Structures are given as C-alpha cells and as structure tokens.
Amino acid sequence: MYAITRATEIADKIFEFWITAPHVARHARAGQFVVLRIDEQGERIPLTISAVEDDRIRVVFMAVGKTTTQLSSLRAGDAIRDVAGPLGKPSEIERYGTCMVIGGGVGIACTPIIAQELKEAGNRVVGVIGARNESLLILEDELRAACDELVVCTDDGSRGFHGFPADILKQRLEEDAPEAVWIIGPAIMMKITSGATKPYGVKTFVSLNPIMVDGTGMCGSCRVTVGGETKFACVDGPEFDAHLVDFDELMQRQRIYTAQEKEAMERYHEHTCRCAEGEARHE
Amino acid sequence: MSKRPAQERIRDFGEVDLGLSAEEAVAEASRCLQCKKPTCVEGCPVTIDIPQFLEQIAAGDFREAARTIKQENMLPAICGRVCPQETQCEGVCILGVKDRPISIGSLERFVADWEYDHGVELPGVAPSTGKRVAVVGSGPAGLTAAAELARAGHSVTIFESLHEAGGVLTYGIPSFRLPKDVVAREIEQVLALGVDLKLNHLVGRSVPVDELLGFDAVVLGTGAGLPYFMRIEGENLNGVYSANEYLTRVNLMHADRFPDFDTPVVRASRVAVVGAGNVAMDAARVARRLGAKVFLVYRRREEDFPARAAEIENAKEEGIEFVTCANPVRILGGPTVTGIECVRMEMCEPDRSGRPTPRPIEGSSFALDVDVVIEAIGQGPNPLLLHLIPGLAIGERGNVEVDDEGRTSLARVYAAGDVATGAATVIWAMGAAKQAAQRAARAIEKMLEES
Ligand SMILES: Cc1cc2nc3c(=O)[nH]c(=O)nc-3n(C[C@H](O)[C@H](O)[C@H](O)COP(=O)(O)OP(=O)(O)OC[C@H]3O[C@@H](n4cnc5c(N)ncnc54)[C@H](O)[C@@H]3O)c2cc1C
Ligand SMILES: Cc1cc2nc3c(=O)[nH]c(=O)nc-3n(C[C@H](O)[C@H](O)[C@H](O)COP(=O)(O)OP(=O)(O)OC[C@H]3O[C@@H](n4cnc5c(N)ncnc54)[C@H](O)[C@@H]3O)c2cc1C
Ligand code: SF4
Ligand code: SF4
Ligand code: FES
C-alpha cells in the first residue's frame, strides 16, 4: 500500500496528490509516469509524475471518469493499493538553447518538472500555459519559478493573454524561434499546437496519452503510429516527435471504451449517492 | 480424468478438468511398470523421480509422493495442469508404445492438491550466507530460481513489474485451465522460504541497472512478453487486441466481471483469433466465455496447429470454428473493427521444419464479419531491461544468450526461461532456472571460500 500524504483540490475537478512511493521517487525523471491501481477491483491508470520530494511523488489529475473520480474522493491518510514506476522514457533533456514548454489544461501539471530539468541543463526556458478560464489555471507560480519567462493564456480572456498557447507559439516562431518545444495537453491541443512548429522545423515533443494497461511493453494497448511505425507509448514514449505522430488515430483509440466508461461512471454515482443517503439516515 | 461438459463450462471460468479421485489415482499409478531405466524421467525437464512417486501413490502414501515431487519441482499443482505432458514425460512413457501412457501430469496434480488440503510441508533452508541475489521477474523461471537460491541460504529479492506475481501463470493462462488460487498458493510456498517479493518494480526503471548489478548474483527471468503484430492494414482499429492484452484484461484485471471490476474489454458478438498455438486457443476460449461466436484463423491446416492436442479438442468442443488455410491480409472497419479479410492458402513443398509451406491463392480473398480481432501470432523477449545492461549479449531473436548452465556474457548475471529461449513452456523455464540458480549458487560458494 502507498500512503497519500496530501490531497488537495487545486482547481475545479483538478486534484494534487502526494503519495509515498520511494521506489518511484528515487529515480523519477521529467516526462515519466506511474501506473496506479486504487484497490483490488481497480483499473490500472497512468498518471504523470509531476514533482518529487524525498520519498514522495506528486500526481495532478482531473476527475474525468470512474477511477479518477474515485481517486479524488480519497484523503490524506488513505492509501492506494499499487503504484508502479517510474515508467516510460524520461524527456530528452539536452542543452538546446531556448526551449518553450507549453501546457494545456491538466497537462500543465507535467510542465514544471520538465522546465526545471531544462533549466538545470543550461537552457533558457519560456513557459506557456493555457486553460479555458482563470479558475482552471494550475501551478502557475511553480512554473514561473522554473522558467525565465512565463506567458499565461485563457480561452475567454479572464486572465493573461486572450487566446491559445498556439497563438503565442506562432508569434515566437516569427520573432525569436526556440530550438525545442514541449507541448503537453489534450490530444487535440497537441495536434493543433504542434502544427505551428512544423513549417519551421523546430524540434517538438508531445506526451501521448493512449489507453494503457501494464505500462511495461507487454500488451500493446498503448500502440500509436509515429512516423508510419507502430510504437508502444509506455516504453518507446510517452514523449515523441510531434511531427511524426498520427494524432487522429490516437484520438480514435482513446474512445474505444466510451460506452463502458459511461456505465462505470453512472454506477459509481448511483453507489456513492446511495452510500451518502445511508449516512444521512444514520445521522 | 473427467471434464465438465462444454455447454456448462463455456458459461463460466471454472476449471475444465476435474482431477482424479484418490481411488482413480491409486489405480492409475499402479499401472506403472517401474522401469529400470525410466524413460519418463528423461522426458521431464526437471527430472522428477516419476516411478518413485507413482509407487508411493500406488501404496497410498500421498505425503511421501509429495515429498518426492517437491524435491525437484516447487510448482507441481501448476505443472500437473499445464505441462504439455504428451511431448514430455508421458510422450516417452514406455506404456505409450502399445497402450496408453501413465497420466503422470494428472497424478502430479492430484498429489499437489492432496498435499495442499492436508497441510503443506516446506523444504529445509540452509543457514544464511549473507549473500544477496536479485531475481528479475516472478514467472515460473523467477520463482524457481528464487526458491532454489533461498534454499541454499542466500537472501533473495524478486522484482516484479506487475501488481501480482506469477508472470504468464497469472496474466496469461486462463483460470479455466489454471485456477488463480492454485497459482497463488504455490507462489506462497516459494515466499515462505524467506524470499522477498517486490511488486510494482520495473527493473531498469524502478531499480536502475547499476543497483541491480550491485547484487552478488542476478537471475533474469523476464520472459517473452512482447507481443508481435502482423503489420497489416487496419491493425490499430478499435477492437484489435494482442492476445496478451485480451488475456491480461480478463485474467489479471477481471474484465469478465466488469463493472464490478473497473477494467473493460470489448464485448463482441463475433471474434476472430489469428494463430493456432496455445495462446490462440486460450484467447479463443476466453472470448467464447465472454459470449462470442469465435473463429480461429490459421494459415496452415488443422494437423499443423502448434497447440496441444487436448486444448484443440477442448476448443472444438466449446464450439470454436476453425478457419484453416486462411491468411489475414487486412482488418476492415473504421474506427471500430467490422471484419477481417483473408486469402485462401494452398499447401506446397515442405519447408525446413518439414511442414508444407502455405502459399496464397490468387483471387481467393474472403471476409469474416467480426467486431474483435485478437492476434496470437507469437511474442518475443521484452527488450526494455536487456538493452539497458551494458555488455549483455543478445541473440538474433532478441533473446539473452546463455550457455547450458544459464550463464550470460556477464559474470554474476544469469538468465533462464522465455527470455533466453523465446516463448517456450513453463517446465522448460523452470528446468533452465534451476540450472542457472545452481550455477549461481556454486559461484557464490566459491566467492565465499575465496574471501
Ligand atoms: C502516460 C500518461 C500520462 C497521463 N498523465 C495524466 C495526468 O498527469 N493527469 C491526468 O489527469 N491524466 C493523465 N493521463 C490520463 C489518465 O490516465 C486518464 O484520465 C484516466 O485513465 C481516466 O480514467 P477514468 O477511469 O477516470 O476515466 P474513464 O472514464 O475510464 O476514461 C476517460 C478517458 O480517459 C482515458 N483513459 C481511460 N482509461 C485509461 C487508461 N487505462 N489509460 C490511459 N487512459 C485512459 C480514455 O481516453 C477515456 O476516454 C495520462 C495518460 C497517460 C497515457
Ligand atoms: C496464453 C499463454 C498460454 C500458455 N500456456 C502454456 C501451457 O499450457 N503450458 C506451458 O507449459 N506453457 C504455456 N505457455 C508458455 C509459458 O507460460 C511460458 O513459457 C512461461 O511462463 C515462461 O516463464 P518465464 O518465467 O520465463 O516468463 P514469464 O512467465 O513471462 O514471466 C516473466 C515475468 O517477468 C516480469 N518482468 C518482465 N520484465 C521485467 C522487468 N524489467 N522488471 C521486473 N519484472 C519484469 C513480467 O511482468 C512477468 O511477470 C503459455 C503462454 C501464454 C502466453
Ligand atoms: S513436471 Fe511436467 S514434465 Fe515433469 S513429470 Fe511433471 S508433468 Fe511431466
Ligand atoms: S516410463 Fe512409464 S511405465 Fe516406465 S517408469 Fe515411467 S511412468 Fe512408469
Ligand atoms: S500499456 Fe501495455 S504495452 Fe504499453
């Protein structure tokens, strides 16, 4: 069992958990993830390692379905049955020159650790984060501290630049193009945003999030097409050269279980409602 | 040994073979001729003293029979169920020449189950040597090596990347052939020897290679878990699985019990399984139990199926339809699978293996309407860890190169099981692991003498 030492809701439906997992914390690097299973009935789900402190790791996740919603109901002092990792290849940290690290939505969670490592390797790091509105912006101060410069965007203009990170990226590509770019967020955002760097031939990494099971290269559930070849995102990635990724296939494969996910979620709600009613009656 | 009727068993994941009663076991064991030169023992990769344990069963002394078996084999309830006995011990039993060989596997299973019901005896463990051994992987190879080295007094740690031990025994072979409580209880016995099991540890990532090589000896038992794909069009459509994924979702994650368990699997009404080995049979029979009409597609003839005869028979009884001399060329659909296109094959001159080579017949393509395709065309060693170990010699097929005693190109590093041989069998993995462990133990002994 792996203890949760801190559990906070940092934005609407976005949670920050600190989990004691020494075997992961000891060797975790930027870009890597864990696979966790809440309990005996649980599904194995991947979450990016967003920070490390002593023998604890941080994950930041959005409650989108059954597992993440159940996870969000846990509190400090509770424990998770299994945490495997660190998994996946670390980010390709080198001395590039100027780098841009772009996070969208909950994908912002993965950016500070990458920015930090890039900075330590001697790069000038520009961070760009974007969310639908101000209330969904997370880890802003942390990322600012890790970057030389930070640009904040919101889709509705409630804070910072009114627009998308892609707009900022396009501007910079014209003015003072970065040598390498990381883009992390929903698949559609990564697809669109990475399209901007393609004509400039700027090295661009995206972190792919296909459905996974083992996370060790044993099942092939996570297969993605990169440069016309099938790759297993859990061991060959999760970061790949954005310009070679077949995003449409990725998005299609993410929807394999839509019907079952809905069923699981409805059942979970029914169950938690009934429990809540039960508790109310006891009071 | 009696079997549950097909119509009953396709509705659940309960064991198909029911095992022997004590009377049946005694009667069967009594048929053994007690050969002076027992060929059966040569057929067993871990050289169990078969005539001796059969004699003990015949005399009704099941406790002694269990002791005899466990001298050589720590996982008898597993091997008794899944060994391909017809090509091993039973295949060379002298009684098979004229009549029916002794059912050695069933008897081994009987004794192991009897022992479990009547109290398990653990083998002795030598005094501690203070030496540390790392075993990577908890499949049959890893478990066997761990047991062997722990008994020799070494302090053994098994690292396993999944959340449960057992390797293919746990995630691959379905419970209707190998119940998971049987696997769990035999693993328990290995751990009871003082072996430390670290789950959720992917060696190469959770345990860096320099840390691994810091142990006094290392045994690699990481198996052949990397699934191959056919590389045909449509392979990444929704509803195409590797057998590994399909079986893992059901056996390890219990997708058959969704939504009580959270992991889903596509519930199809019609499924095509590509391949005809044991893995394909297992995948087909699992799909059948999930309620599908199942086609098993293979490019050669039925007599060429590589699976065990008994499993082919079981699959047939359960209503799996064999589509032979057919080779998939394309998976149809988008975004989900709607069918699989195949071409008819004709059999031509024998190839190097002596089997006729299949050749596509021009213009013979046809499609099967299915909504799930499961590929069971083979698997190789997972390259992840192997490529991280500097200087480890890797063979052409991605396997770790070893000598007869399981030694790799690196001192103090041994390898056994599927990672060294490519996909093979449980008992071959165990036999090789025992050898490697004994070699490692001798090397440590020498180290101790010299220091
Ligand atoms: C390498 C990697 C890193 C990730 N890091 C983060 C992170 O840091 N924060 C975060 O909020 N999310 C992250 N995700 C996505 C996260 O794993 C999914 O949100 C989660 O699995 C959803 O599970 P659920 O049961 O709550 O939702 P469901 O209702 O089951 O699914 C919602 C959606 O999540 C995806 N999903 C479902 N099951 C899996 C699975 N087993 N593996 C991967 N995706 C799945 C599907 O596309 C699905 O449509 C990551 C995914 C990957 C592959
Ligand atoms: C579906 C199926 C059915 C089969 N049926 C039969 C049968 O009926 N009879 C028979 O004799 N054989 C059968 N086999 C073959 C048999 O299961 C294998 O030959 C045997 O399991 C090999 O044992 P192993 O210990 O070498 O590897 P595995 O059983 O594959 O175990 C390897 C273990 O190592 C772990 N691992 C891998 N890499 C790492 C790492 N870097 N760090 C930590 N852990 C790691 C894996 O998670 C796994 O648990 C079948 C195989 C399959 C897939
Ligand atoms: S371990 Fe396998 S090969 Fe050996 S005697 Fe038992 S069933 Fe036969
Ligand atoms: S070969 Fe057959 S008959 Fe002879 S000892 Fe072995 S099991 Fe008995
Ligand atoms: S998740 Fe199974 S191979 Fe990547």
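Here is what the cut-offs are and how they apply
Residues numbered from 1 in each chain as written. Chains lettered and ligands numbered in written order. Predicted model: local features only at pLDDT ≥ 70, side-chain atom pairs only at ≥ 80, totals over all residues. Heavy atoms only, no water. Helix = DSSP H or I, 4+ residues; strand = E, 2+ residues; numbered from the N terminus. Rg over C-alpha atoms; globule rule 2.2 N^0.38 Å. Buried < 20%, exposed > 50% of the residue type's maximum accessible area, 1.4 Å probe, protein only. Arc of directions from axis to C-beta. Pairing = 2+ DSSP bridges. Axes fitted to C-alpha atoms, helices over the stretch in contact; angles between N-to-C directions. Near = heavy atom within 4 Å. Nonpolar A, V, L, I, M, F, W, Y, C, P; charged D, E, K, R; others polar. Right-handed = clockwise from strand over helix to strand, strands pointing away. Salt bridge = Lys/Arg side-chain N within 4 Å of Asp/Glu carboxyl O. Contact = heavy atoms within 4.5 Å. Polar contact = N/O pair within 3.5 Å; in protein donor to acceptor, adjacent residues only side chain to side chain. Domains from an automatic or database assignment. Buried area = accessible area lost by both parts, 1.4 Å probe.

A.B. asks: Lay out the overall build of chain A with the relevant residues and their values.
C.D. replies: Across its full length, chain A holds nine helices and 17 strands. The C-alpha atoms of chain A give a radius of gyration of 19 Å, which matches the 19 Å a tight globule of 283 residues would have. Dimensions of chain A along its principal axes, counting C-alpha atoms only, are 65 × 40 × 35 Å. Expressed as a percentage of the 283 residues in chain A, the buried residues total 58%.

A.B. asks: Before we move on, can you summarise helix α5 (residues 165-175) of chain A with the specific residues and values?
C.D. replies: All names here are of chain A. What α5 keeps buried is the set P165, A166, I168, L169, R172 and L173. One side of α5 carries all its buried residues, which in axial view fall inside an arc of 155°. Exposed residues pointing more than 90 degrees away from the buried face of α5 are listed as E174 and E175.

A.B. asks: So, the sheet that holds strand β8 (residues 293-297) of chain B: which residues are in play, and what are the values?
C.D. replies: Residues and elements named next belong to chain B. Taken together, five strands build an open sheet; the order of strands is β6-β14-β7-β8-β9 and the sheet is parallel. Whereas interior strands pair on both sides, the edge strands pair on one side only; in this sheet they are β6 (240-242) and β9 (321-323). For this sheet the average axis-to-axis angle between neighbouring strands, irrespective of direction, equals 25°. Note that strand β7 (residues 270-274) and β8 share five bridges and pair parallel. If you follow A272 over to β8, its bridge partner there is F295.

A.B. asks: With reference to specific residues and values, describe the site of ligand 3.
C.D. replies: By nearness alone, 13 residues border ligand 3, and C44, C83, C89, E108 and I427 of chain B come closest of all. Of the residues belonging to the shell around ligand 3, the class tally is nine nonpolar, three polar and one charged.

A.B. asks: Tell me about the site of ligand 4, and please be specific about residues and values.
C.D. replies: Residue and element names in this part refer to chain B. All residues in the neighbourhood of ligand 4 are listed as C32, L33, C35, P38, T39, C40, P51, L54, C93, I94 and I102. Where the shell around ligand 4 is concerned, the elements lending two or more residues are α3 (39-42) and α4 (50-58). Broken down by class, the residue content of the shell around ligand 4 amounts to 10 nonpolar, one polar and no charged.

A.B. asks: Which residues make up the pairing of strand β9 (residues 98-104) of chain A, and what values go with them?
C.D. replies: Residues and elements named next belong to chain A. Within β9, seven of the seven residues are buried, which leaves it mostly tucked inside the rest of the structure. Alternating positions in β9 separate into two faces, T98, M100, I102 and G104 on one and C99, V101 and G103 on the other, with burial throughout. Bridge count between β9 and strand β10 (residues 124-131): seven bridges; the pairing is parallel. Residue pairing in the sheet places I102 in a bridge with V128 of β10. For the handedness criterion, the β-α-β arrangement of β9, helix α3 (residues 111-120) and β10 is classed as right-handed. Across five bridges, the pairing between β9 and strand β13 (residues 180-184) is parallel. For M100, the partnering residue across the bridge sits in β13 and is V181.

A.B. asks: Mind laying out the pattern of salt bridges, listing which residues take part and the relevant values?
C.D. replies: All names here are of chain A. A complete count under the given rule lists 57 salt bridges over all chains for this structure. The shortest N-O distance in the salt bridge between E142 and R58 comes to 2.8 Å. With E142 in helix α4 (residues 140-146) and R58 in strand β6 (residues 56-62), the pair connects residues that are 84 residues apart, well separated along the chain. R58 sits in the buried class, given a relative accessible area of 2%.

A.B. asks: I'd like to hear about the interface of chain B and chain A, residue by residue, with values.
C.D. replies: In this assembly, 41 residues from chain B lie in contact with 46 residues from chain A. Across the contact surface, chain B and chain A share three salt bridges. Between R267 of chain A and D260 of chain B there is a salt bridge; the shortest N-O distance is 2.8 Å. Put simply, chain B and chain A have 27 residue pairs in polar contact (both at pLDDT 80 or more) between them. Those elements that provide at least two residues to the side of chain B that touches chain A are β5 (226-227), β6 and α13 (243-252) of chain B. Per-element tally for the side of chain B that touches chain A: the top contributor is α13 of chain B, with four residues. For the side of chain B that touches chain A, the residue count by class is 20 nonpolar, 13 polar and eight charged.

A.B. asks: Give me the lowdown on the domain arrangement of chain A, citing residues and values where you can.
C.D. replies: Residues and elements named next belong to chain A. Along its sequence, chain A is carved into domain 1 (2-87) and domain 2 (98-254). The straight-line distance from the C-alpha centre of domain 1 to that of domain 2 is 21 Å. The partner domain 2 presents 18 residues to the 20 residues of domain 1 that form the contact. Interface of domain 1 and domain 2: buried area, both sides summed, is about 1,700 Å²; carbon and sulfur atoms make up 64% of it. When the area that domain 1 buries against domain 2 is broken down by residue, the three leading residues are A30, F33 and R44, summing to 25%. There are two salt bridges connecting domain 1 and domain 2. Notably, a salt bridge pairs R29 with E117, separated by 2.9 Å at the nearest N-O pair. Here domain 1 is connected to domain 2 by six residue pairs in polar contact (both at pLDDT 80 or more). Looking at the side of domain 1 that touches domain 2, the elements with two or more residues in it are β1 (2-11), β3 (33-37), β4 (45-48) and β6. In terms of residue count, the dominant contributor to the side of domain 1 that touches domain 2 is β6 (four residues). Of the residues that constitute the side of domain 1 that touches domain 2, the class distribution is 13 nonpolar, three polar and four charged.

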